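Coordinate inspection notes
So you can see what is in the structure, the chains are spelled out below.
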Amino acid sequence: MKQCMDPENLHRRLAKIMGQVKAIDRMVEEDVPCEDVLSQINAAKSALNKVGQIILEGHINHCIRDAVANGDEAEIANFTKAIERFANMQ
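First, a word on what this report is: a plain description of the structure on this page. Note that the structure is a prediction, hence the values are computed from the model and not measured. (Residues numbered from 1 in each chain as written. Predicted model: local features only at pLDDT ≥ 70, side-chain atom pairs only at ≥ 80, totals over all residues. Heavy atoms only, no water.)

Regarding the environment of Arg13
- Structurally, the position occupied by Arg13 is in helix 1 (residues 7-29).
- Classification of Arg13 as partly exposed rests on a relative accessible area of 28%.
- Setting aside its immediate chain neighbours within four residues, Arg13 contacts Lys50, Val51 and Ile54. (Helix = DSSP H or I, 4+ residues; strand = E, 2+ residues; numbered from the N terminus. Buried < 20%, exposed > 50% of the residue type's maximum accessible area, 1.4 Å probe, protein only. Contact = heavy atoms within 4.5 Å.)

What follows is the structure, encoded as structure tokens:
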């Protein structure tokens, strides 16, 4: 696992998100009011966004810091692409 990630924290968060998505699926099956389903979708989306933020912060604090210190232009260019992808998730 990359040093910039905290696997235990990320796995815990992702397991919670998977539980939220399964609950949303049950809500659809049980014909729960749309407003409630949408609220849960928003909660899962926010949780997934937070996971992305945590990964991005770790990447900046470890991988990008090292790339800047070592003059690794390719890694810095890849970081720009990663930021664009993450921004498109919003």
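Side note on the environment of Ile24
- The topology assignment puts Ile24 in helix 1.
- Between the C-alpha atoms of Ile24 and Val37, which are 13 residues apart in sequence, the distance is 6.3 Å.
- Leaving out residues up to four positions away in the same chain, Ile24 has contacts with Val37, Gln40, Ile41 and Ala44.

Some remarks on the side chain of Gln20
- Summarising the element assignment, Gln20 is placed in helix 1.
- Look at Gln20 and you get buried, because its relative accessible area is 16%.
- Leave out the neighbours within four places in its chain, and Gln20 touches Ala43, Ala44 and Ala47.

Notes on the packing of helix 2 (residues 34-70) against helix 3 (residues 73-89)
- In contact at an axis separation of 11 Å, helix 2 and helix 3 are set at 170° when each is read in the N-to-C sense. In terms of orientation, helix 2 and helix 3 fall into the roughly antiparallel class. Facing helix 2, whose interface residues are Lys45, Leu48, Asn49, Gly52, Gln53, Leu56, His59, Ile60, Cys63, Ile64, Ala67 and Val68, helix 3 presents Glu75, Ile76, Phe79, Ile83, Phe86 and Met89. (Axes fitted to C-alpha atoms, helices over the stretch in contact; angles between N-to-C directions. Parallel < 35°, antiparallel > 145°, perpendicular 65-115°, else oblique.)

Keep in mind these numbers describe shape, not what the thing actually does.
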